[in-house]
Amino acid sequence: MAFVGLGGGYCPRRRGVGRVICCSEDVGNDLVEFRQSFEGFKRIPVDADALRLIRDEVSKIRDDVKVIVEVRDPRVPMSSYSTMFKQWRKELNTESMVIYTKAEIVPEDEKERIRAFTMDQMDIPYEQVFFEDLRQVRKLRTPDRQEMVSKMKRLALLRGQPRMKRESYKVMVTGVPNSGKSSVVYVSTRTLTKNRKRRGLYSLPPVGFQVGTTKVIGQNWLTLNPDVVLLDTPGVISKSHTGAEDPETPYKLAVCQCISLTKIGEQTGITPKEVADYLLFKLNQARELTYTRIYDLILPTDDIDEVLQRVPGATDELKALRFLRDFQRNKLGFLVLDDIPDVETERPDKEEVDDFVDEVERKFQEVKRRTRLERQRQKRLMMWKDEPEETSIARNPPSDFNF
């Protein structure tokens, strides 16, 4: 018999009243009867202007993109996926890689379940799905995420040469708003950028915790010689996120702060209290009842008003926002809001992962060496062509020149 949510002892807000201890069997069978469905879903509109702008920007670089890195929130592995990203991969014929941020809140067993689902959905191998802890991203260094960075390099280099020799390998980082795209770019390019920032060549991408921090596609250099560039794209809300296919999708994204509550409230009338009520419904369905301990409730409840009475705040809207923020900070327990299927997968040995990292580094050094030799050859060729005519005739050009 497993105990949930409530602990015994003194309750500071209710003097003289001890907490009731209840178990999951009692909660599920006798004491509380939870809702079996959530009513009143609303759809959100598609921002057609923003989508058109992003499509136009992507069309300009589509022939140069070698890899698409999709950044997702582990609490919504299905809802944070977009059919637009699938269309891009098909049109651009690129390699794929998925990075889940906020890895610090995900239990190990849930990581493996999410990884197996992603591998099956995207048809990619184990080593192309990553879970990254990007807290205090401004203090992280690129070597701290060496495996992730090495994989980006390898996938880009294995897709062949760019169309023109002086063009760079491009890796496009995509995802829904506020999923951590800029944080991934920031930590991946920080070491190189820090060494060249004073020279004014380029700067690190803006990193924020609000929806819509990135406005345009930005280029950030991952490596030089060969040049590998990360393209930091704005967050995309496509038709699949509006509730047209699944009415719960916009609510799931709003719970995880992937959609601005202020913006959708103005467009559709969805209030923070409605989103908080949906979160309460999902917590009760999953029997994740930690909120009863956090807010000093004697028993779980399906009444959002009863919960908000215990949440600090001046108004119901502020209390609902506080309730959502506590979930986003993992104070109410971890919960995957999507119903993902269980898929079996095989995890490679640590030795295989180490060999993979070594292979990437060898490949990178080899390409770097070839690029350096090619540039030296071009430089010598230009010097020879610029010599006076009598001098150039007097001696033969180097034997490795091919005209």
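Attention here is on the structure that accompanies the text. (Residues numbered from 1 in each chain as written. Predicted model: local features only at pLDDT ≥ 70, side-chain atom pairs only at ≥ 80, totals over all residues. Heavy atoms only, no water.)

**So, the nonpolar core**
Put simply, the rule reads: Buried residues of nine kinds, namely Ala, Val, Leu, Ile, Met, Phe, Trp, Tyr and Cys, make up a nonpolar core once their side-chain atoms join them within 4.5 Å. Each residue's exposure class comes from its accessible area (1.4 Å probe, protein chains only) as a fraction of the maximum for that residue type: buried when under 20%, exposed when over 50%, partly exposed otherwise. Under the DSSP-based scheme used, a helix requires at least four consecutive residues in state H or I and a strand at least two consecutive residues in state E, with every element numbered from the N terminus. Only heavy atoms matter for contacts: two residues are in contact if any of them lie within 4.5 Å across the pair.
By size, the foremost hydrophobic cluster in this structure holds 39 residues, and its most contacted members are Val-255, Val-275, Leu-283, Tyr-291, Val-307 and Phe-323. Secondary-structure elements contributing two or more residues to this core are helix H7 (249-255), helix H8 (261-268), helix H9 (272-285), helix H11 (304-308) and helix H12 (316-328). With seven residues, the single largest contributor to this core is H9. Apart from the residues lying within four places of it in its own chain, the contact partners of Leu-283 are Glu-288, Leu-289, Tyr-291, Phe-323, Phe-327, Leu-332 and Leu-335. Listed in part, the 23 residues of the second largest apolar core include Leu-134, Met-152, Ala-156 and Val-228.

**Side note on the packing of H9 against H12**
The test is simple: Note on definitions: angles span 0 to 180 degrees between N-to-C directions of axes, and those axes are lines fitted to C-alpha atoms, for helices only across the stretch in contact. Note on terminology: angles under 35 degrees are roughly parallel, angles over 145 are roughly antiparallel, angles of 65 to 115 are roughly perpendicular, and the others are oblique. Here a crossing is taken to be left-handed if its near helix is turned anticlockwise relative to the far helix by less than a right angle, and right-handed if that turn runs clockwise. The nonpolar class holds Ala, Val, Leu, Ile, Met, Phe, Trp, Tyr, Cys and Pro. Asp, Glu, Lys and Arg form the charged class, and all remaining residues, Gly among them, are polar.
The interhelical angle for the contact between H9 and H12, taken along N-to-C directions, is 40 degrees, at an axis separation of 8 Å. Between H9 and H12, the angle falls in the class oblique. The handedness of the crossing between H9 and H12 is left-handed. Contact residues: H9 offers Pro-272, Lys-273, Val-275, Ala-276, Leu-279, Leu-280 and Leu-283, while H12 offers Asp-316, Glu-317, Ala-320, Leu-321, Phe-323, Leu-324 and Phe-327. Of the residues that constitute the contact of H9 with H12, the class distribution is eleven nonpolar, no polar and three charged.

**Observations concerning the side chain of Thr-233**
Stated formally: Throughout this description, a polar contact denotes any pair of N or O atoms lying within 3.5 Å of each other; where both atoms belong to protein, one of them has to be capable of donating a hydrogen while the other can accept it, and for residues adjacent in sequence the pair is counted only when both atoms sit in side chains.
Relative to the helices and strands, Thr-233 resides in the loop between strand S6 (228-232) and H7. Given a relative accessible area of 2%, Thr-233 falls into the buried group. There is a polar contact of 2.6 Å between the side chain of Thr-233 and the backbone oxygen of Val-173.

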